[in-house]
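For reference, the chains in residue letters:
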Amino acid sequence: MLYVPRRLLEETQAHLRQEFPKEGVGLWGGRREVERVIPLPNAHPSPLTAYLAEPLALLKALKALEKEGMALLAIYHSHPKGPAFPSPTDLQEARWRVPYVIFGTDGFRAFLLPEGREVGIVVL
């Protein structure tokens, strides 16, 4: 279960709106609930249809979370032209053992990937 304060959910959505029509990507960090939203540059060669968190920015973000005593709680990205459901590419490229939160045209949902098990999100 992911617990996210409404203001941080809105901050995430604002980031993804700024990235439109490209896919946006970022991290949610915290201890028990989301305490920090970290937008990351999408370095994928085809950012309209895929995402790749820029590796150096990702490393810096993870180190910053660790320094602050926080953990990586989730990775978020957007599907600007599709549903909040994992694409075949999402399943194939999943590497992290945290929920992937997908923001689509029909809302947002979280999944453990590559197995595709849905994770609940509680907005505080």
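Computed from a predicted model, the values in this text were never measured in an experiment. (Residues numbered from 1 in each chain as written. Predicted model: local features only at pLDDT ≥ 70, side-chain atom pairs only at ≥ 80, totals over all residues. Heavy atoms only, no water.)

Draft legend 1. Fine view of the overall build of the protein chain. The secondary structure content of the protein chain amounts to 3 helices and 8 strands. The order of α-helices and β-strands along the protein chain, N terminus first, is β-α-β-β-α-β-α-β-β-β-β. Computed over its C-alpha atoms, the radius of gyration of the protein chain comes to 13 Å, within 12% of the 14 Å expected for a compact globule of 124 residues. Put simply, the protein chain has 124 residues, and 45% of those count as buried. Within the protein chain, contacts between residues separated by at least 24 positions form 59% of all contacts whose residues are at least 6 apart in sequence. (Helix = DSSP H or I, 4+ residues; strand = E, 2+ residues; numbered from the N terminus. Rg over C-alpha atoms; globule rule 2.2 N^0.38 Å. Buried < 20%, exposed > 50% of the residue type's maximum accessible area, 1.4 Å probe, protein only. Contact = heavy atoms within 4.5 Å.)

Draft legend 2. Expanded view of the sheet that holds strand E2 (residues 25-30). What the 6 strands build is an open sheet, ordered E3-E2-E4-E5-E6-E7; its pairing is mixed. The outermost strands of the open sheet, each flanked by one partner alone, are strand E3 (34-40) and strand E7 (117-119). Each strand axis lies, on average, 30° off the axis of its neighbour in the sheet, ignoring direction. Here 6 bridges tie E2 to E3, and the two strands are oriented antiparallel to one another. Across the sheet, Gly30 pairs through a bridge with Val34, a residue of E3. Helix H1 (residues 6-19) rests against E2, E3, strand E4 (71-78), strand E5 (100-104) and strand E6 (107-112) of the sheet, and its axis sits at about 5° to E3. Against the sheet, helix H2 (residues 55-67) engages E2, E3 and E4, with an angle of about 165° to E3. (Pairing = 2+ DSSP bridges. Axes fitted to C-alpha atoms, helices over the stretch in contact; angles between N-to-C directions.)

Draft legend 3. Region of interest: the environment of Arg7. Mapped onto the secondary structure, Arg7 falls in helix H1. With relative accessibility at 58%, the residue Arg7 sits in the exposed group. On a C-alpha basis, the gap between Arg7 and Leu124 in space is 8.9 Å, while along the polypeptide they are 117 residues apart.

Draft legend 4. Focus on H1. When the terminal C-alpha atoms of H1 are compared, their 20 Å separation across 14 residues agrees well with the 20 Å that a helix rising 1.5 Å per residue should span. If you check which residues of H1 are buried, you get Leu8, Leu9, Thr12, His15, Leu16 and Glu19. One side of H1 carries all its buried residues, which in axial view fall inside an arc of 120°. Seen from the buried face of H1, the exposed residues on the opposite side, beyond 90 degrees, are Arg7, Arg17 and Gln18. (Expected span 1.5 Å × (residues − 1). Arc of directions from axis to C-beta.)

Draft legend 5. Representation of the nonpolar core within the structure. If you look at the biggest cluster of nonpolar residues, it comprises 20 residues, and the most contacted ones within it are Val25, Leu27, Ile38, Leu40, Ile75 and Tyr100. The element that contributes the greatest number of residues to this core is H2, accounting for 4 residues. Leaving out residues up to four positions away in the same chain, Leu27 has contacts with Arg36, Val37, Ile38, Leu40, Leu58, Ala61, Leu62, Leu72, Ala74, Ile75 and Tyr76. (Core = buried A, V, L, I, M, F, W, Y, C linked by side-chain atoms within 4.5 Å.)

Draft legend 6. Here's a closer look at the pattern of salt bridges. According to the stated counting rule, one finds 5 salt bridges in the structure shown. Put simply, Arg97 and Glu115 hold a salt bridge, and the shortest N to O gap is 2.8 Å. One end of the pair, Arg97, is in the loop between helix H3 (88-93) and E5; the other, Glu115, is in the loop between E6 and E7, with 18 residues separating them in the sequence. Between Glu118 and Arg109 there is a salt bridge whose closest N-O contact spans 2.8 Å. Its relative accessible area of 41% is what places Glu118 among the partly exposed residues. Accessibility expressed as a relative area gives 30% for Arg109, which makes it partly exposed. (Salt bridge = Lys/Arg side-chain N within 4 Å of Asp/Glu carboxyl O.)

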